[in-house]
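For reference, the chains in residue letters:
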Amino acid sequence: MKAYELAKKIYPSLSKQDFIEQTCPDVLQITDKINCDKYKTVVDDKCVKCWEQEVSDERAEWLLEANRMCKYLCG
C-alpha cells in the first residue's frame, strides 16, 4: 500500500492533499527512510514521491494495529 493510503487509514479526517502539504511520511513514522529535508515549507515533486512510495505489508499492519490499540486505550 502507498504511504498516503496508509496515512489515510490512520488519520481518516485528512485528505491526500493535506498530507502532502502539511506533513512528511517520515515524521509520521509511516516510512522507514526519507532522504530529504522533512521540515521544508515548499512542497515539490520529492514530497509527492515520498508519499507515493510503497509501505511493506508488515509495517502497514503494525502501524494499523498500534493505531487501534491507542484508540482502545485512550478512548
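Residues numbered from 1 in each chain as written. Predicted model: local features only at pLDDT ≥ 70, side-chain atom pairs only at ≥ 80, totals over all residues. Heavy atoms only, no water.

1. Thoughts on the nonpolar core
As a reminder of what qualifies: Within this scheme, the nonpolar core is defined by two criteria: the residues are buried Ala, Val, Leu, Ile, Met, Phe, Trp, Tyr or Cys, and they are joined through side-chain atoms within 4.5 Å. Buried residues are those whose accessible area, probed at 1.4 Å on protein chains only, stays under 20% of the maximum for their type, while exposed residues exceed 50% and partly exposed ones sit between those limits. Secondary structure counts use DSSP, requiring at least four H or I residues in a row for a helix and at least two E residues in a row for a strand, with both numbered from the N terminus. Contacts are residue-level and defined by heavy atoms, with any inter-residue pair within 4.5 Å sufficient.
Counting residues in hydrophobic clusters, the biggest one holds 12 residues: Ala3, Leu6, Ala7, Ile10, Phe19, Ile20, Ile30, Trp51, Val55, Ala60, Leu63 and Leu64. Counting residues per element, the ones that place at least two in this core are helix H1 (3-10), helix H2 (16-22) and helix H4 (57-74). Top contributing element to this core by residue count: H1, with 4 residues. Among all residues touching alanine 7, those that are not within four sequence positions of it are Phe19, Ile30 and Trp51.

2. Describing the pattern of salt bridges
Inclusion rule: Salt bridges are defined as contacts in which a side-chain nitrogen from Lys or Arg sits within 4 Å of a carboxyl oxygen from Asp or Glu.
Evaluation of the coordinates by the stated rule reveals 2 salt bridges. The partner of lysine 2 in a salt bridge is glutamate 54, with the nearest N and O atoms 3.5 Å apart. On the criterion of sequence distance, the pair formed by lysine 2 in the segment before H1 and glutamate 54 in the loop between helix H3 (45-52) and H4 is long-range, its members being 52 residues apart. Residue glutamate 65 is joined to arginine 68 by a salt bridge in which the shortest nitrogen-to-oxygen separation is 2.9 Å. Of the two residues, glutamate 65 and arginine 68 both sit in helix H4, 3 residues apart, roughly one turn of that helix.

3. With respect to the layout of surface pockets
Inclusion rule: Computed over the protein atoms alone on a 1 Å grid, cavities are sets of points where a 1.4 Å probe fits but cannot get out and pockets are open sets with protein on both sides within 12 Å along at least five of seven lines; a residue lines them when it has an atom within 4 Å of a point. Grid points are joined across faces, edges and corners, and a volume is the space filled by probe spheres set on the points.
Within this model, the largest pocket holds a volume of roughly 180 Å³. Considering the residues around the largest pocket, the lining is formed by 18 residues, among which Thr23, Cys24, Lys38, Lys40 and Cys47 are closest to the centre. Elements supplying a minimum of two residues to the lining of the largest pocket: H2 and H3.

4. Points about the packing of H1 against H4
We apply this condition: Lines fitted to the C-alpha atoms define the axes, with helices restricted to the stretch that makes contact. Angles between their N-to-C directions range from 0 to 180 degrees. When an angle is under 35 degrees it counts as roughly parallel; over 145 it counts as roughly antiparallel; between 65 and 115 it counts as roughly perpendicular; any other value is oblique. In a left-handed crossing the near helix is turned counterclockwise from the far helix by less than a right angle, and in a right-handed crossing that turn is clockwise.
In the contact formed by H1 and H4, the axes pass within 10 Å of each other and the chain directions differ by 15°. The orientation of H1 relative to H4 falls into the category roughly parallel. In this structure, H1 meets H4 at a crossing whose hand is right-handed. On H4, the residues that touch Leu6, Lys9 and Ile10 of H1 are Ala60, Leu63, Leu64, Asn67 and Lys71.

5. Side note on the packing of H1 against H3
To be explicit about the condition: Each residue gets one label: Ala, Val, Leu, Ile, Met, Phe, Trp, Tyr, Cys and Pro are nonpolar, Asp, Glu, Lys and Arg are charged, and the others, such as Gly, are polar.
Between H1 and H3, whose axes approach to 5 Å, the crossing angle comes to 70°. Our classification of the angle between H1 and H3 gives roughly perpendicular. Residues Ala3, Tyr4 and Ala7 of H1 form the contact with H3, whose participating residues are Cys50, Trp51 and Glu52. Each residue belonging to the contact of H1 with H3 can be placed in one class, and the counts come to 5 nonpolar, no polar and 1 charged.

All quantities given are derived from atomic positions and should not be read as evidence of function.
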